[in-house]
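# What the coordinates show
So you can see what is in the structure, the chains are spelled out below.
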Amino acid sequence: MNKNNQEQKWQKLMVSSQNGDSKAYAQLLKEILPLIKNFVKKRVFDASLVDDVTQNALLGIHTARASYNPAQPFTPWLYAIVRYKILDYIRAQQRYSDNISLNDDDFETFCSSATNIQEETDIKKDLATAMKKLPAKQQLIINLIKIQGFTASEVALKLNMSLSAVKVSAFRGYKTLKDINKGGNT
Amino acid sequence: MNNTQKLIKSLTKDIKPVTPTKPVIFNVSLWLLAVVFITTLSFFTLGYKQQILNNIHTTKFITENILILIAGICLSIAAIISSVPAYKKYQTVILTIISTTIWLAILMENSFNITSQSFIAEAQKYIGTLCTADVIMLSIIPAIILFMMIKKNASTNLAYTGFLALFATVSLGALSSRFLCPITDPSHLIIWHFAPVFIIGLLGIFLGRLLLKW
């Protein structure tokens, strides 16, 4: 199949997806998956992140599917979203490595201050220990929201949960972390 | 089945139909109608000054405001175009250049008629802040509407789209404020009506990053 035919096919599948055809949508996502993965691989050098970024891009396509104009070609629209989601993911990772702040009252580290290095290391250790005490699902949700930078609705889609369930689970997780931290400090 | 395939399965299960983004011209017209409605309503609320009728007849007033209207419309079109993934960059760049040139020309034309003393004297008249407050008040609701319209489109250039959207709204806010203010002194116009357009427009960069994230 040449590029033009493929482009037209994807355009049709996308229009059907916008009309609520789940089969067309599944077929489209499966067909564009290798394309997204290759695009991500060329831009994200850490191989362990490729799957996460690809999933993030798929969520982006899902969220922005109404923004596709059927009169326009599909591939540039797809690449624009994937490029945006790659940058978004990298920025979120950067933010996490620069400054960890789960709860402003309890955890506050500033990477630029040399005097905070010991304190920062301690907090990271405490946080990692506290995270291990949470149920696996809560750990995963907090990791996705706070570390990988997904929104609650994206996590809900990713884990096949309702939005409110994700929010409740995250809230309980934060509360448990706060309690663990308080217990540790007293 | 790996995580990506699981994700595809969960995304495609029970997919709901969505309404594709409306054409740019439709969105711009809809927004401009909302702006006209809100501005008319604000004129009744804030009070229409009789003196302004005299100003409307001057060529300078009419020309300046037509140009500001053109700049505002160009900026709103650029904001809506840039809010869609894979938008044509040259279109938004051309529209931004046209609008900025119009604004700079208006600023320069007014600055030719002022002296540094009159400028400093005007800057000390704090009554002028009321005009800036009018510009802001007349821009708030149109800005909220435009940001809501843009947010639906999933912008991939948040800062630029935010800047264009706020610049467009405040431009039209400045235009409307001219009908509420009887002062035609160029120093007053530059300090209290036009300068806030640029300052608030730049705030759009931060607002865009904050509010348009998806």
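### Considerations on the overall build of chain B
Looking only at helices and strands, chain B has nine helices and zero strands in total. When each of the 214 residues of chain B is scored for burial, the buried share is 42%. Once local pairs closer than 6 in sequence are excluded, the contacts in chain B between residues at least 24 apart make up 86%.

### Details of the interface of chain B and chain A
Listed as interface residues are 23 residues of chain B and, on the opposing side, 31 residues of chain A. The leading source of residues in the side of chain B that touches chain A is helix H1 (residues 3-12) of chain B, at seven residues. The class makeup of the residues in the side of chain B that touches chain A is twelve nonpolar, eight polar and three charged.

### A look at helix H6 (residues 136-147) of chain A
All names here are of chain A. An ideal rise of 1.5 Å per residue puts 16 Å on twelve residues; H6 measures up with 15 Å between its terminal C-alpha atoms. For H6, the full list of buried residues reads Ile141, Ile142, Leu144 and Ile145. End-on, the buried residues of H6 take up no more than an arc of 165 degrees, which puts them together on one face.

### What to know about the packing of helix H2 (residues 22-43) of chain A against helix H3 (residues 50-63) of chain A
Residue and element names in this part refer to chain A. Running from N to C, H2 and H3 cross one another at 130 degrees; their axes reach a closest spacing of 10 Å. In terms of axis orientation, H2 runs oblique to H3. Crossing of H2 over H3 shows right-handed handedness. Packed against H2, whose contacting residues are Leu29, Ile36, Lys37, Val40 and Lys41, the element H3 presents Val50, Val53, Thr54, Ala57 and Leu58 at the interface. Tallied by class, residues from the contact of H2 with H3 come to seven nonpolar, one polar and two charged.

### Section: unusual backbone geometry
All names here are of chain B. Even without being glycine, alanine 86 reaches a positive phi, approximately 60 degrees. Locating alanine 86 in the fold gives a position in the loop between helix H4 (59-82) and helix H5 (89-111). Phi at alanine 154 takes a positive value of approximately 60 degrees, unusual for a residue other than glycine. With respect to the element layout, alanine 154 can be found in the loop between helix H7 (129-152) and helix H8 (158-178).

### Considerations on the domain arrangement of chain A
All names here are of chain A. For chain A, the domain assignment lists domain 1 (3-97) and domain 2 (102-185). Where the side of domain 1 that touches domain 2 is concerned, the elements lending two or more residues are H3 and helix H4 (74-98). A class-by-class count of the residues in the side of domain 1 that touches domain 2 yields four nonpolar, two polar and one charged.

What counts and how
Numbers given for residues are sequential positions, taken from 1 along each chain in its written order. Lettering of chains starts at A and numbering of ligands starts at 1, both following the order in which they are written. Only residues with pLDDT of 70 or above have their local features reported here, since the model is predicted, and side-chain atom pairs are shown and tallied only from 80 upward, although totals for entire chains, interfaces and linings are computed over all residues. In this text, helices come from DSSP runs of H or I with a minimum length of four residues, and strands from runs of E with a minimum of two, each type numbered from the N-terminal end. Residue burial is a threshold on neighbouring C-beta atoms within 10 Å of the residue's own C-beta, all placed from the backbone, with 20 or more meaning buried, 12 or fewer meaning exposed, and counts in between meaning partly exposed. Placing a C-beta atom from the backbone of each residue, one calls two residues in contact when those atoms lie within 7 Å. Amino acids are sorted into nonpolar (Ala, Val, Leu, Ile, Met, Phe, Trp, Tyr, Cys and Pro), charged (Asp, Glu, Lys and Arg) and polar (every other residue, Gly among them). Multiplying 1.5 Å by the helix residue count minus one yields the expected span of that helix. By construction, the arc corresponds to the directions joining the helix axis to the C-beta atoms. Axis angles are defined between N-to-C directions and span 0 to 180 degrees, where every axis is a line fitted to C-alpha atoms and, for a helix, only to the segment in contact. Any angle between 65 and 115 degrees counts as roughly perpendicular, while under 35 counts as roughly parallel, over 145 as roughly antiparallel, and the rest as oblique. A clockwise turn of the near helix away from the far one marks a right-handed crossing, whereas an anticlockwise turn of less than a right angle marks a left-handed crossing. As annotated, the domain borders come from an automatic or database domain assignment.

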